[in-house]
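Take a look at the letters that make up each chain.
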Amino acid sequence: MRIEVTELRAVATETEIPIAELAEIIEQAVASAYIKHLVNNKLDAPKDSDVRAQLDQKTGDLGVFRKEYNEDGEYTGEVVADVEGFGRIAANAAKQVIASRLRELSDDAVLRHYKDREGQQISGVVKQGPNPRMVHVDLGDVEAILPPEEQVPGEEYPHGRRIRVYITGVSKGLRGTQVTVSRTHPGLVKRLFELEVPELAEEIVEIVSVAREAGYRSKVAVRSNRPEVNAKGCFIGEMGRRVRAVMSQLGEEKIDLIDYSSDLTEFVANALSPAKVSDVFMLNAEEKKVRVLVPDFQLSLAIGKEGQNARLAAKLTGAKIDIQADSVMES
């Protein structure tokens with residue numbers, strides 16, 4: 001049997017697989033196919049370890065060899081196997097194994113690429129899938145899954161819509177690389193601001209923490225690393241352009257930009273924005289318990305609809321917040 005060396009080199013160049021590795025793949029495929037050929041034709045089939053194929057990478061000559069044993073089971077040497085009628089089968093077997101190997105290499109490359117991008121945002125196009133509850137997002141070289149728990153309540157995902165998603169997990173499945181993405185992860189807010197605020201990349205300003213109830217409201221704690229730079233101003237942008245761009249990507253989700261402070265009581269007061277706080281007391285520093293006083297007319301605003309503002313402030317700061325009206329403390 002013979003394989004055209006020029007074709008072998010062309011495949012090696014196209015697939016970026018070294019010729020030596022390609023030759024080994026072909027040899028293994030041919031040896032396995034030879035044994036299967038004998039079994040199918042009800043001939044005496046040796047063990048896998050007793051057959052080997054050898055490809056001459058210079059001439060393209062491909063030979064099959066099998067071990068022989070005497071009546072006592074002692075190894076006596078190796079002989080050239082009879083491959084009459086086996087050439088076409090060998091060629092097909094080699095093609096199948098090469099194709100399978102190429103798929104594996106392609107899957108491994110995609111897996112490495114997206115594994116390195118876990119925790120990043122990416123743009124994709126919504127595709128229709130067999131399960132209407134499971135949204136498929138075409139990322140170009142792989143189709144990601146947006147499961148129901150990662151979808152924003154009330155947000156629609158029509159076929160063909162381009163959306164930005166956050167990569168939460170990458171794994172190798174039975175059908176290749178499996179990428180799971182999210183529209184609800186707080187990290188998506190941070191990554192979207194990175195697209196709009198160049199000062200983030202320059203580390204002039206930074207995002208300290210994000211608290212989010214997807215589809216409704218997010219609170220983003222920011223600070224400046226330079227005294228002359230206003231952090232919130234950087235994130236808001238001229239005429240609010242930067243923050244509005246992020247809100248647009250999130251379906252007009254409201255975003256509160258909060259000044260971070262290393263003083264927990266001050267940080268909590270800032271986090272309850274847009275409510276105005278009268279005073280803040282530390283009840284238990286170890287447990288981060290804080291009591292906040294607000295004017296009576298600001299109480300509902302501080303707590304928020306169904307407690308959302310207070311809940312997000314607690315997530316953002318990591319504090320346990322007790323909100324009281326001024327009049328309660330005065331009585």
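As a reminder, the structure under discussion sits directly above these lines.
The structure presented is a predicted model; accordingly, all values stated were derived computationally and were not measured. In this convention, every chain numbers its residues from 1, walking through the sequence in written order. Totals for whole chains, interfaces and linings use every residue, but because this is a predicted model, local features are given only for residues with pLDDT of at least 70 and side-chain atom pairs only at 80 or more, for both listing and counting. Only hydrogens and water are removed before side-chain values are computed, so all heavy atoms of the structure are retained for them.

*Asks:* So what exactly am I meant to see when it comes to the environment of Tyr114 here?
*Replies:* Position of Tyr114 among the secondary structure elements: in helix H3 (residues 87–115). Using a 1.4 Å probe on the protein chains alone, a residue whose accessible area is under 20% of its type maximum counts as buried, one over 50% counts as exposed, and one in between counts as partly exposed. Given a relative accessible area of 2%, Tyr114 falls into the buried group. When checking whether two residues touch, look at their non-hydrogen atoms; a contact exists if any pair is within 4.5 Å. Look past the residues within four positions of Tyr114 in its chain and what remains in contact with it is Ile122, Leu139, Asp141, Val142, Ile167, Val170 and Val179. Note on conventions: DSSP H or I runs of at least 4 residues are helices, E runs of at least 2 residues are strands, and numbering of each starts at the N terminus.

*Asks:* Where do I start with the sheet that holds strand S2 (residues 62–69) in this structure?
*Replies:* Sheet strands pair by backbone hydrogen bonding; their relative direction is either parallel or antiparallel. Here three strands make up an open sheet; going across it, the order is S1-S2-S3 and the pairing antiparallel. Each edge of the open sheet carries a strand with a single partner, namely strand S1 (51–55) and strand S3 (75–80). Mean inter-strand twist for the sheet, computed between neighbouring axes without regard to direction, equals 25 degrees. The pairing of S2 with S3 spans five bridges and is classified as antiparallel. Across the sheet, the residue bridging to Glu68 is Gly77, located in S3. The rule for pairing is simple: two strands pair if DSSP sees at least two bridges between them. All axes here are fitted lines through C-alpha atoms, helices being fitted over the stretch that makes contact, and every angle between N-to-C directions spans 0 to 180 degrees.

*Asks:* Just checking my understanding: could you explain the side chain of Ser261 for this structure?
*Replies:* Locating Ser261 in the fold gives a position in the loop between strand S11 (254–259) and helix H8 (264–271). Polar contact is defined as a pair of N or O atoms within 3.5 Å, subject to the rule that within protein one atom must be able to donate a hydrogen and the other to accept it, and that residues adjacent in sequence are counted only when both atoms are side-chain atoms. Among the polar contacts listed, one links the side chain of Ser261 to the backbone nitrogen of Asp263, at a separation of 3.1 Å. At a separation of 3.2 Å, a polar atom in the side chain of Ser261 contacts the side chain of Glu266. With sequence-adjacent residues up to four places away left out, Ser261 is seen in contact with Glu266 and Phe267.

*Asks:* I'm lost on helix H7 (residues 241–249) in this one. Help?
*Replies:* In an α-helix, one turn spans 3.6 residues, which is why side chains three or four residues apart end up on the same side. For H7, the full list of buried residues reads Arg242, Val243, Val246 and Met247. Down the axis of H7, the smallest arc covering the buried residues is 135 degrees, so these residues share one side. Phi turns positive, to about 70 degrees, at Gly251, one or two residues after H7. Taken from the helix axis, the directions to the C-beta atoms give the arc we talk about.

*Asks:* It is not clear to me how the nonpolar core should be interpreted in this structure. Could you clarify?
*Replies:* If you look at soluble globular proteins, the nonpolar side chains tend to sit buried side by side. Counting 21 residues, the largest nonpolar core has Phe193, Val205, Val220, Phe235, Ile255 and Leu257 as the members making the most contacts within it. Listed by contribution, the elements that provide at least two residues to this core are helix H4 (186–196), strand S9 (205–213), strand S10 (217–224), helix H6 (231–236), H7 and S11. Broken down by element, this core gets its largest block of residues, four residues, from H4. Excluding anything up to four places from it in sequence, Leu257 contacts Phe193, Val220, Val222, Lys232, Phe235, Ile236 and Val243. Side-chain atoms within 4.5 Å link the members of a nonpolar core, which is a set of buried Ala, Val, Leu, Ile, Met, Phe, Trp, Tyr and Cys residues.

*Asks:* Is there a simple way to think about the packing of H4 against H7 in this case?
*Replies:* For the pair H4 and H7, interaxial distance at closest approach is 9 Å and the crossing angle is 135 degrees. When the axes of H4 and H7 are compared, the pair comes out oblique. Where H4 crosses over H7, the two elements pack in a sense that is right-handed. Side by side, H4 and H7 meet where Leu192, Phe193 and Glu196 of the first sit next to Arg241, Arg242, Val243, Ala245, Val246 and Gln249 of the second. When residue character is reported, Ala, Val, Leu, Ile, Met, Phe, Trp, Tyr, Cys and Pro are called nonpolar, Asp, Glu, Lys and Arg charged, and the others, Gly included, polar. Residue composition of the contact of H4 with H7, grouped by class: five nonpolar, one polar and three charged. An angle counts as roughly parallel when it lies under 35 degrees, as roughly antiparallel when it exceeds 145, as roughly perpendicular when it falls between 65 and 115, and as oblique in every other case. Handedness of each helix crossing follows the sense of rotation of the near helix against the far helix: counterclockwise by less than a right angle gives left-handed, clockwise gives right-handed.

*Asks:* Would you mind going over the sheet that holds S9 with me for this structure?
*Replies:* Pairing is mixed across the open sheet formed by three strands, whose spatial order is S9-S10-S11. Both edges of this open sheet fall to S9 and S11, since each of them pairs with a single strand only. In this sheet, neighbouring strand axes are inclined to one another by 20 degrees on average, regardless of whether the strands run parallel or antiparallel. Pairing analysis gives eight bridges linking S9 to S10, with the strands arranged antiparallel. Bridging from a neighbouring strand, Val210 pairs with Val220 of S10. In the packing of H4 onto the sheet, contacts are made with S9, S10 and S11, and the angle to S9 comes to roughly 140 degrees. Seen against the sheet, helix H10 (residues 308–317) touches S9, S10 and S11 and runs at an angle of roughly 135 degrees to S9.

*Asks:* What is the right way to read the environment of Gln120 from this model?
*Replies:* Looking at the secondary structure, you find Gln120 in the loop between H3 and strand S4 (121–127). The sequence separation of Gln120 and His159 amounts to 39 residues, and the corresponding C-alpha distance is 23 Å. In this structure, Gln120 is in contact with Val165, Tyr166, Ile167 and Arg191, ignoring residues within four places of it in sequence.

*Asks:* Would you mind going over the pattern of salt bridges with me for this structure?
*Replies:* Any two side chains of opposite charge can pair, given that their charged atoms come close. Salt bridges are identified by distance alone: a Lys or Arg side-chain nitrogen within 4 Å of an Asp or Glu carboxyl oxygen. The final tally for this structure, using the stated rule, is 14 salt bridges. Of the charged contacts in the structure, one is a salt bridge between Glu253 and Arg212, with a shortest N-O distance of 3.0 Å. You can see Glu253 sitting in the loop between H7 and S11 and its partner Arg212 sitting in strand S9, a full 41 residues away along the chain. Here Glu253 matches Arg212 in class, with each residue buried.

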